[in-house]
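As a plain string of letters, each chain reads:
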Amino acid sequence: MEAARSGELALDDIRISRETLMAQADTAERTGSAQLAMNLRRAAEMTALSAEDMLAAYEALRPGRSTFAELEELAQRLAAQDAHTCAELVREAAAAYQRRGLLR
């Protein structure tokens, strides 16, 4: 608490690990919370991404910010970083944006 008060607390001091999130996902799945489990698995994948990559993905997923091809490229970059469920979410968003006219 003192480190937080003095401003000496770094993000890495409070960051959750991939392993912890995966364990929570397993628990959620065992208790019947499939959607929560999937969200936790995506969060676990995101622990390997840089802050810049995460912010770029967030920006790209805002309606009207990306073309279908740009979102597919983002999905490929995520998959290459072993973030396969995140990549699938981006592909689902691209298809939904295309159906609803929300692409750039």
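Residues numbered from 1 in each chain as written. Predicted model: local features only at pLDDT ≥ 70, side-chain atom pairs only at ≥ 80, totals over all residues. Heavy atoms only, no water.

**Considering the domain arrangement of the chain**
Heads up, the rule is: For every domain, the bounds stem from an assignment made automatically or drawn from a database. We call two residues in contact whenever any of their non-hydrogen atoms come within 4.5 Å of each other. Once two parts are put together, the accessible area they lose, assessed with a 1.4 Å probe and summed over both, is termed the buried area.
According to the domain assignment, the chain contains domain 1 (1-47) and domain 2 (50-103). A C-alpha centroid distance of 22 Å is found between domain 1 and domain 2. At the interface, six residues of domain 1 touch seven residues of domain 2. Carbon and sulfur atoms supply 58% of the area buried between domain 1 and domain 2, which totals about 580 Å² over both sides.

**Section: the nonpolar core**
Quick reminder of the rule: The nonpolar core is taken to be a set of buried Ala, Val, Leu, Ile, Met, Phe, Trp, Tyr and Cys residues, with the residues joined through side-chain atoms within 4.5 Å. Relative accessible area decides the class of each residue, using a 1.4 Å probe on protein chains only: under 20% of the type maximum gives buried, over 50% gives exposed, and in between gives partly exposed. Strands are runs of DSSP state E lasting at least two residues, helices are runs of H or I lasting at least four, and both sets are numbered from the N terminus onward.
Ranked by size, the top nonpolar core spans 14 residues in total, and within it Leu 71, Leu 74, Leu 78 and Val 90 carry the most contacts. At the level of secondary structure, the elements contributing two or more residues to this core comprise α5 (51-60), α6 (68-80) and α7 (84-100). Sort the elements by how many residues they give to this core and α7 lands first, with six residues. Beyond its immediate sequence surroundings of up to four residues, Leu 74 is in contact with Ala 57, Ala 60 and Val 90. Counting residues in each nonpolar core, the second largest holds six residues, with Leu 21, Ala 25, Ala 28 and Leu 40 among its members.

**A word on the side chain of Glu 45**
Operational definition: In protein, a polar contact requires one atom able to donate a hydrogen and another able to accept it; more generally it is a pair of N or O atoms within 3.5 Å, and residues adjacent in sequence count only if both atoms are side-chain atoms.
For Glu 45, the location among the structural elements is in helix α4 (residues 34-46). At 2.8 Å, the side chain of Glu 45 forms a polar contact with the side chain of Thr 85. In this structure, Glu 45 is in contact with Arg 18, Asp 82, Ala 83, His 84, Thr 85 and Cys 86, ignoring residues within four places of it in sequence.

**Focus on the side chain of Arg 41**
Mapped onto the secondary structure, Arg 41 falls in helix α4. In this structure the side chain of Arg 41 is engaged in a polar contact, spanning 3.1 Å, whose partner is the side chain of Asp 26. Apart from residues lying up to four places away in sequence, Arg 41 is in contact with Met 22, Ala 25, Asp 26, Glu 29 and Thr 85.

**Looking at the pattern of salt bridges**
Which entries qualify depends on this criterion: Take a side-chain nitrogen of Lys or Arg and a carboxyl oxygen of Asp or Glu: if they are within 4 Å of each other, that pair is a salt bridge.
Across all of its chains, the model carries eight salt bridges by this definition. The partner of Glu 59 in a salt bridge is Arg 62, and the shortest N-O contact between them spans 3.4 Å. For Glu 59, a relative accessible area of 31% puts it in the partly exposed group. With relative accessibility at 34%, the residue Arg 62 sits in the partly exposed group. With a shortest N-O distance of 3.2 Å, Glu 72 and Arg 91 are connected by a salt bridge.

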